[in-house]
Amino acid sequence: ASASALYAAWRYYKSKRLASPSPPSSKAARKVPGLSELPRSSSMEIIHHCIDRQRQTMWVENDWDATLDKEILTDYVNIRVLKAKELWSLPSSLRAPAFIRWKREDASRGRPEWVVPKGDGQAYPADKPRLLFIHGGAYAWYSPKDYRPITTRLADVLNMPVLVIDYRLVPEHPYPAAIEDAVNACHYIASTGPNGEKPDSKSKGFPFFIMGDSSGGGLVYSAVLRMKESSPGRQLLSECVQGLITFSPWVDLTASQTSFVTKTWDEKTKTGDVQFSYGDPEKDREGTIGMARRYMGNDNIALDELKARSPLFAKDLTGIPPSLVMVGDEELSRDESVELVRALKSSGNEAEILVFPHMWHVWIWNTEGCGGEGARPLNEALAAFIAAAAFCGVQNSGKDSKYLSRFKL
């Protein structure tokens, strides 16, 4: 049987939807496709192939990475890893602590990279936005190199340079190291282009979007909230940050939302969170809280303290740039995305959410259909890229990109 049109009405979200309390800002005056306007869904055969592959590799073979996209689009983009001397060119106020160098298993980390679409050799226009991407991994895993299958697609589809930072991870560097590095990266991308160019003296800085997935999505909001606390940060938010895009953002460190019960994995029906659920709500919640405590560097930190450091429960959510949040309907953490958008709207911000039926955590990793025999492209993942491109104001929502031109969308 095939799925109904992908992007049928948002069953859950519609019941929760709030009207925006204020008119959209000029930055947000762009059309974001609703689910019904995006490419039609993959067949349930493709979706079930992905579910089976993920459940097997996550819980049996312990090789979940085997389901992730592998292709790095080097035919379409150039990747330039920044040299240490380029990072030391940062203003002294941003050097320490900054995403410069840190050690893990005797390997040097901390070098960010630019992923830039191949063009006609002309310099990237100073007035065109670029993208800061903050990767996920529970604040403990992954790097810019690991994320190249994602970031090379983004650079091509969005047709803009993408800066990917190698922020400090736990256990070596607990909270708030990652937030400090993300804030520094925001100042860096506003002041330095992909070839080291600087804004002219009359410019307020280069315009940019911020994007992140999972914990990287949570870090997007944590960094914005931190920037609101300083005058330079507030100036950056008002003058340079064009919008925020997150996939499955982890914004509730207490795992307190209802979906931690309703989206627990059910082996009989093959529904619920295929990646992170043990099939037991208590174990699922304990696992997430355990990761949050590891991020804090304190296994005994109280839930009240975790709540106080969760973007979802921030006391002041006013003045947040326009937001697009995308989440899978089958995620344990689905409801925190819904509640985040509710909270942003209630605070007078422009915010939109797309809840993708049948999808799992950060499904944009699976445009190649989760690998293995019989894998076919996952339209839901392609559609998420298109929605991001539309939010960024890309012509024809990025469908003319070299990558998306491969598919009949």
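In the block above lies the structure referred to throughout.
My aim in this report is to walk through the structure given alongside it, one point at a time. Source: prediction; values computed, not measured.

### A look at the sheet that holds strand β6 (residues 162-164)
The sheet built from 8 strands is open, its strands ordered β1-β4-β6-β5-β7-β8-β9-β10 with mixed pairing. Looking at which strands have only one partner, the edges of the open sheet turn out to be β1 (77-81) and β10 (351-356). On average, adjacent strands in this sheet sit at an angle of 15° to one another, irrespective of strand direction. Two elements, strand β5 (residues 130-134) and β6, share 3 bridges in a ladder whose sense is parallel. Bridge assignment links L132 to a residue of β6, and that residue is L163. Taken strand by strand, helix α6 (residues 215-227) contacts β5, β7 (208-213), β8 (241-247) and β9 (323-328), and its axis lies near 135° from that of β7.

### Observations regarding the pairing of β7
Counting buried residues along β7, 6 of its 6 residues qualify, which places the element largely inside the surrounding structure. Here β5 pairs with β7 via 5 bridges, running parallel. Note that in β7 the partner of L132 across the bridge is I210. Across 6 bridges, β7 lies against β8 in parallel orientation. Residue pairing in the sheet places F209 in a bridge with G243 of β8.

### Points about the pattern of salt bridges
Where charged atoms from two side chains of opposite charge approach closely, those side chains can pair. Enumeration over the complete set of coordinates arrives at 18 salt bridges. A salt bridge links R148 to E113; the nearest nitrogen and oxygen atoms lie 2.8 Å apart. Here the residue R148 occupies a position in helix α4 (residues 148-158), and E113 occupies one in strand β4 (residues 113-117), the gap between them amounting to 35 residues.

### As for a nonpolar patch on the surface
The grouping of W59, V60 and Y278 at the surface amounts to a nonpolar patch, some 340 Å² of accessible area in total. Within the secondary structure, V60 sits in helix α2 (residues 44-61).

### Observations regarding the state of the cysteines
Applying the stated rule across the entire model yields 1 disulfide. A sulfur-sulfur distance of 2.1 Å marks the disulfide that ties C50 to C370. Disulfide C50-C370: the torsion about the S-S bond is 105°, which places it as right-handed. Note that C50 is positioned in helix α2 and C370 in the loop between β10 and α12 (379-391), a separation of 320 residues in sequence. Judged on exposure class, the residue C50 and its partner C370 are both buried.

### Structural notes on the packing of α4 against α12
Packing of α4 against α12 leaves a shortest axis separation of 10 Å and a crossing angle of 50°. If you check the angle between α4 and α12, you find them oblique. Seen from above, α4 lies across α12 with right-handed handedness. Of the residues in α12, those touching α4 at I150, R153, L154, V157 and L158 are F385, A388 and A389.

### Quick look at unusual backbone geometry
The omega torsion across V170 and P171 is 10°, close enough to zero to call that bond cis. Its location among the elements puts P171 in the loop between β6 and α5 (177-191). That bond from Y175 to P176 is cis: its omega, 5°, falls within 30 degrees of zero. Tracing the backbone shows P176 in the loop between β6 and α5. For C370, which is not glycine, the phi dihedral falls at a positive 75°. Since its relative accessible area comes to 0%, C370 is described here as buried. Even without glycine at this site, S397 takes up a positive phi of about 55°. Take S397: it is sitting in the segment after α12.

Procedures and definitions
Residues numbered from 1 in each chain as written. Predicted model: local features only at pLDDT ≥ 70, side-chain atom pairs only at ≥ 80, totals over all residues. Heavy atoms only, no water. Pairing = 2+ DSSP bridges. Helix = DSSP H or I, 4+ residues; strand = E, 2+ residues; numbered from the N terminus. Axes fitted to C-alpha atoms, helices over the stretch in contact; angles between N-to-C directions. Contact = heavy atoms within 4.5 Å. Buried < 20%, exposed > 50% of the residue type's maximum accessible area, 1.4 Å probe, protein only. Salt bridge = Lys/Arg side-chain N within 4 Å of Asp/Glu carboxyl O. Patch = residues over 30% accessible without salt bridge, like charges linked within 9 Å, V, L, I, M, F, W, Y side chains within 5 Å. Areas by Shrake-Rupley, 256 points an atom, 1.4 Å probe, with all protein chains shown as cover. Disulfide = S-S within 2.5 Å. Parallel < 35°, antiparallel > 145°, perpendicular 65-115°, else oblique. Left-handed = near helix turned anticlockwise from the far one by under 90°.

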